[in-house]
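A structural walkthrough
Okay, here's what each chain looks like letter by letter:
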Amino acid sequence: MKAIFRRDWLMFTHPFYLLALVAVTMICLVTAFQANAEENVPQDLVLMGLMLCLMSSVFPQAILLEDERNGWLRFSVTMPVKRSDYVSEKYLLTLGFILLFALLNSIGIIILMVQTTGFDIKEYLFLLLATTSGGLLMMSIDLPMLFRFGTGKGLALFVVLFVFIFLSGFCLFAYLSYDADGRSFLQWVQTSDHFLLALLLLAVLAVIYSVSWLLSIRLYRKREF
Amino acid sequence: MNAIEIKGLNKHFKDFAIEDLNLTVPSGCVVGLVGENGAGKSTTIKLILHMLFQDSGTVTILGKDNVKELDDVKEDIGVVFDECCFPKELTADKVRKIMRAAYRQWDDALFEEYMKRFDLPLKKTIGKFSRGMKMKLSIAVALSHHAKLLILDEATSGLDPVVRDDIIDILMDFTKEEDHSILISSHIVSDLEKACDYIAFLHKGKLVLCEEKDRLYEQYRVIHCDEQTLSAIPKEAVIGRKIGSFGAEAIVRQDAVPEGVQGYPIDIEKLFIFMVKESG
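Computed from a predicted structure; not experimentally measured.

1. Overview of the sheet that holds strand E9 (residues 198-203) of chain B
Residue and element names in this part refer to chain B.
- Across the sheet, six strands lie side by side as E6-E7-E8-E3-E9-E10; this open sheet has mixed pairing. Edge positions in the sheet fall to strand E6 (77-80) and strand E10 (206-212), since each of these pairs with one other strand and no more. Here the average twist between neighbouring strands, direction ignored, is 15°.
- By the bridge criterion, five bridges tie strand E7 (residues 149-153) to strand E8 (residues 181-186) in an arrangement that is parallel. The partner of Leu-149 across the bridge, within E8, is Ser-181.

2. What about helix H8 (residues 194-221) of chain A?
All names here are of chain A.
- With 28 residues, H8 should reach 40 Å at 1.5 Å per residue; the first-to-last C-alpha distance of 40 Å fits that figure.
- Taken as a whole, H8 has its buried residues at Ala-198, Leu-205, Tyr-209, Ser-212, Ser-216, Ile-217 and Tyr-220.
- The inward-facing, buried residues of H8 contact helix H4 (72-78), helix H5 (83-115) and helix H6 (121-178).

3. With respect to the interface of chain A and chain B
- With 26 residues of chain A at the contact, the number on the chain B side is 28 residues.
- Summing both partners gives a buried area of about 2500 Å² for chain A against chain B, and 64% of it is carried by carbon and sulfur.
- Counting the contacts that link chain A with chain B gives two salt bridges.
- Where chain A packs against chain B, one counts eight residue pairs in polar contact (both at pLDDT 80 or more).
- Mapped by element, the contributors of at least two residues to the side of chain A that touches chain B are helix H1 (2-12), helix H3 (41-69) and H4 of chain A.
- For the side of chain A that touches chain B, the element with the highest residue contribution is H1 of chain A, accounting for six residues.
- Looking at side-chain class alone, the side of chain A that touches chain B contains ten nonpolar, four polar and twelve charged residues.

4. So, the environment of Leu-29 of chain A
Residues and elements named next belong to chain A.
- Structurally, Leu-29 is set in helix H2 (residues 15-33).
- Classification of Leu-29 as partly exposed rests on a relative accessible area of 28%.
- Distance in space between the C-alpha atoms of Leu-29 and Met-48 is 9.4 Å, their sequence separation being 19 residues.

5. Quick word on unusual backbone geometry
Residue and element names in this part refer to chain B.
- The phi torsion at His-146 lies on the positive side, around 55°, for a residue other than glycine.
- Relative to the helices and strands, His-146 resides in the loop between helix H5 (131-143) and E7.
- His-146 sits in the partly exposed class, given a relative accessible area of 37%.

6. A short note on the packing of aromatic side chains
All names here are of chain B.
- A full pass over the atoms with the stated rule returns 18 aromatic pairs over all chains.
- Arranged with centres 5.2 Å apart and planes meeting at 45°, the rings of Trp-106 and Phe-111 form a pair that is tilted.
- By relative accessible area, Trp-106 is classed as buried at 10%.
- Given a relative accessible area of 0%, Phe-111 falls into the buried group.

Scoring rules and cut-offs
Residues numbered from 1 in each chain as written. Chains lettered and ligands numbered in written order. Predicted model: local features only at pLDDT ≥ 70, side-chain atom pairs only at ≥ 80, totals over all residues. Heavy atoms only, no water. Pairing = 2+ DSSP bridges. Helix = DSSP H or I, 4+ residues; strand = E, 2+ residues; numbered from the N terminus. Axes fitted to C-alpha atoms, helices over the stretch in contact; angles between N-to-C directions. Expected span 1.5 Å × (residues − 1). Buried < 20%, exposed > 50% of the residue type's maximum accessible area, 1.4 Å probe, protein only. Contact = heavy atoms within 4.5 Å. Buried area = accessible area lost by both parts, 1.4 Å probe. Salt bridge = Lys/Arg side-chain N within 4 Å of Asp/Glu carboxyl O. Polar contact = N/O pair within 3.5 Å; in protein donor to acceptor, adjacent residues only side chain to side chain. Nonpolar A, V, L, I, M, F, W, Y, C, P; charged D, E, K, R; others polar. Phe/Tyr/Trp six-rings, centres within 6.5 Å; stacked < 30°, edge-to-face > 60°.

Read these as layout, nothing more, since geometry by itself doesn't imply function.
Here it is in structure tokens:
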């Protein structure tokens, strides 16, 4: 696994990736500093969270795409690197990115809060956990497909599935809003402790991520090159 | 011990199959896998390396089963594909750092020696390398962890004759050690003719011939005669034939060369072409 880590590290020290990281940081900081107390706070937070959530998936995807494109993926199968180690390295790497972007998000949220509504530790942790959960969910769905079908087919399937999940969530929310029982459920969610809910969500997603990890190892072991 | 032993290997795809393949790479030998494009050379190599999973049959590499124990022998195998598999953004020096982490027996000094011998720069990005330089780098990597078995899949295709000749020289140096073996696939038969001890012909997923190179030279002859003379030779002794307006050219077993007809030494390329054409 050390060799795969080293290879990915050397790739990330390439100016292209470093520039991309700087660009994301800049966008995040600009969004945080430009926030307007009256109008934009929730939208800005959501947008920043979404962007960082998306970025935490883009980087590992780019690495996998590159691995496949230049033949490193098939070469790594011939090296003394177990397939399970290759998968595990990518999951750890993804986790690293999620944490990195969570840190970035954290800085953004603090700046935004201090500038506008004032710092609220519970709200801050809720936002942070919610976006981290988003990143975990995306990659839990994405990685098994990439390992099973490769980046071309895998990414297309991921987009389809993600849109499906997003629309399902939207439809479920719409249904709950119109249904009497649903409305009382939503009210319960609104009045309950957001931080605890987010913590619960994160715990559930951590389990999903672990299951996804094990599934990817199984799928990658069956993959032919 | 054989470096590679394939027994009854089968793999079926929608429109192609490797059927009942039996092949041995004896330790200390170079075996050339020859076949036209799509004959199954790369598929065979992928099956050996368990990159494709066999339907049936067994493959042992350096005495270990390729399904259950491949991880135990990967340290001793050097693999070179038809394309350089290293990220083009990296330099050879960075590739060395990766490989140092991958192989327990990685030898930095040996790698540097090969880089000097191949005249390859350590600090230039691989993206700026020519195809020949990339292939040489791949070979340098494959040789720098003291592998006992080299597996090369079309490693010389697309290279100019000078670079190809360099690579063949390197491979011949590698086999100076008694326990070093090579399985090399190519459709450039002349390359294999120089380096190989054994030649294996693959055609449409089947092994049509596997023989010691010198025995092929001894066993077969090229003859030029008329159609009538050719038809008198037993069919099983004729490997391949070409009939034109100026008579017939055929490759036949040495013992079947008709009296009064001059038999010329064969070259492997001609044997290969005749066999493929005869098989249809």
